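The residues making up each chain are set out below.
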Amino acid sequence: MNTNSKIYIAGHRGMVGSAIKRQLEERGYTNLVLQTSASLDLRNQQAVQQFFAAEQPEYVFLAAAKVGGILANNTYRADFIYENLIMEANVIHAAHQFNVKKLMFLGSSCIYPKMAPQPLKETYLLTGPLEETNEPYAIAKIAGIKLCEAYHDQYGDDFISVMPTNLYGIGDNYHPENSHVLPALIRRFHEAKQEGASSVTIWGSGTPKREFLYADDLAEACVFLMDTYSGRELVNIGTGEDLSIRELAELIKAVVGYEGELVFDTSKPDGTPRKLMDVLKLHRLGWQHKTTLEEGIALAYQDFLRNEFAMR
């Protein structure tokens, strides 16, 4: 990509898409094509084709998706598989039709089998059953990977797929019911601090281990791979490091400045014992994350404080 290349970021207002936008702008890219979902419905094939015909983007970051937590995924199963399938199919096919030089499809670590060995290698895809609660979403993401592979195989299109680990950062979702664990804990500890609560209750035993990547590090990795990688196979993006939920809670507690006790409700489910990405391929390609978890949580908390009143 050159700084004047025409680049379309699908999903530029989400946490991932906005991080990619920031990364490109910081590097001096000036020809970014941005469309909100209100102005371009990616579920509408005709609208997508008209957009590509008119704009003729050279590069595409496909970060648009219907996303949510476990409850939303399990409740709106049809919506999650249909909307994600149709969006990615429309964009990937239009990118082929209108001769996009390169497309990057962003997936999710939930594509891997529920009981896959740890850490999760790219080769573990389709080697076992998926986690039932988000199976429709995972299948849609797997279909996106396979679409990129198929267009690569049949037409020689330079379409690549990347699989991020758990993400957090600027523009995260802090909703009390459907946010992910890290932003949910930031909000919970902040509110406990404000209210002077003596303790914060956390679901489960605190022993499951998870990996977290700062969204702006992901964006840097995406731009790096867009410039350097054209392989058929997907690439994991993560830190290669994990920690227990208890350790995560202690870290967030310290960043927020909450001084009460942690209470773990062991009557609540723990979920998968461990979920860690194998990032050896990414490291061999020449990229490693830069932001430590403590630094990233501090940046995320600052963003939470800037947007706290808007979330009420």
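These numbers were taken from a predicted model, which means no experiment stands behind them.

What counts and how
- Residues numbered from 1 in each chain as written.
- Predicted model: local features only at pLDDT ≥ 70, side-chain atom pairs only at ≥ 80, totals over all residues.
- Heavy atoms only, no water.
- Axes fitted to C-alpha atoms, helices over the stretch in contact; angles between N-to-C directions.
- Helix = DSSP H or I, 4+ residues; strand = E, 2+ residues; numbered from the N terminus.
- Left-handed = near helix turned anticlockwise from the far one by under 90°.
- Contact = heavy atoms within 4.5 Å.
- Nonpolar A, V, L, I, M, F, W, Y, C, P; charged D, E, K, R; others polar.
- Pairing = 2+ DSSP bridges.
- Core = buried A, V, L, I, M, F, W, Y, C linked by side-chain atoms within 4.5 Å.
- Buried < 20%, exposed > 50% of the residue type's maximum accessible area, 1.4 Å probe, protein only.
- Salt bridge = Lys/Arg side-chain N within 4 Å of Asp/Glu carboxyl O.

Student: In this structure, what is going on with the packing of helix H2 (residues 45-55) against helix H4 (residues 77-97)? I would like to understand it.
Tutor: How two helices sit against one another is set out by the angle between their axes and by the gap between those axes. Viewed as axis vectors pointing N to C, H2 and H4 meet at an angle of 35 degrees, and their least axial separation amounts to 9 Å. Read as a crossing pair, H2 and H4 show a hand that is right-handed. Taking contact as the criterion, the partners of Gln45, Val48, Gln49 and Phe52 in H2 are, on H4, Asn90, Val91, His93, Ala94, Ala95 and Gln97. Grouping the constituent residues of the contact of H2 with H4 by class yields five nonpolar, five polar and no charged.

Student: Looking at this structure, how should I read the sheet that holds strand S13 (residues 274-275)?
Tutor: Strand pairing in a sheet is mediated by backbone hydrogen bonds. Such pairs are either parallel or antiparallel. The three strands are arranged S11-S8-S13 in an open sheet whose pairing can be described as mixed. Among the strands making up the open sheet, the edge pair consists of strand S11 (243-244) and S13. Alignment of strand S8 (residues 209-210) against S11, held across two bridges, turns out to be antiparallel. By the bridge assignment, lysine 209 is partnered in S11 with serine 244.

Student: Quick question: what am I supposed to make of the nonpolar core here?
Tutor: Leu24, Phe52, Phe61 and Ile237 are the most contacted members of the largest nonpolar core, which totals 73 residues. Among the elements that take part in this core, helix H7 (residues 215-228) stands out by supplying nine residues, more than any other. Beyond its immediate stretch of four places on either side in the chain, phenylalanine 52 contacts Tyr8, Pro57, Val60, Val91, Ala94, Ala95, Phe98 and Val100. The next biggest cluster of nonpolar side chains, apart from the first, holds 25 residues, and it includes Tyr174, Ala192, Tyr258 and Leu262.

Student: Explanation requested: the sheet that holds strand S10 (residues 235-237) in the structure shown.
Tutor: Pairing is parallel in the open sheet, where six strands are placed in the order S2-S1-S3-S4-S5-S10. The open sheet has two edge strands, strand S2 (32-33) and S10, and neither has a second partner. Sheet topology places strand S3 (residues 59-62) next to strand S4 (residues 102-106); four bridges connect them, and they run parallel. Bridging from a neighbouring strand, valine 60 pairs with leucine 103 of S4. Where helix H5 (residues 135-155) meets the sheet, its contacts fall on S4 and strand S5 (159-164), and the angle it forms with S5 comes to roughly 155 degrees.

Student: Where do I start with the pattern of salt bridges in this structure?
Tutor: Working definition: two side chains of opposite charge can pair if their charged atoms are close together. Applying the stated criterion to the full structure yields 19 salt bridges. As a salt-bridge pair, lysine 21 and glutamate 25 come within 3.0 Å of each other at their nearest N and O atoms. Within this pair, lysine 21 and its partner glutamate 25 are both found in helix H1 (residues 15-26), separated by four residues, close to a single helical turn. Lysine 21 sits in the partly exposed class, given a relative accessible area of 22%. On the basis of relative accessibility, which here comes to 39%, the residue glutamate 25 falls in the partly exposed class. The salt bridge involving arginine 187 is made with glutamate 191; its shortest N-O contact spans 2.9 Å. In this pair, arginine 187 and glutamate 191 both sit in helix H6 (residues 181-195), four residues apart, roughly one turn of the helix. A single network of salt bridges, built from pairs that share partners, joins Lys146, Glu149, Asp153 and Arg232.

The analysis is restricted to geometry; functional conclusions fall outside its scope.
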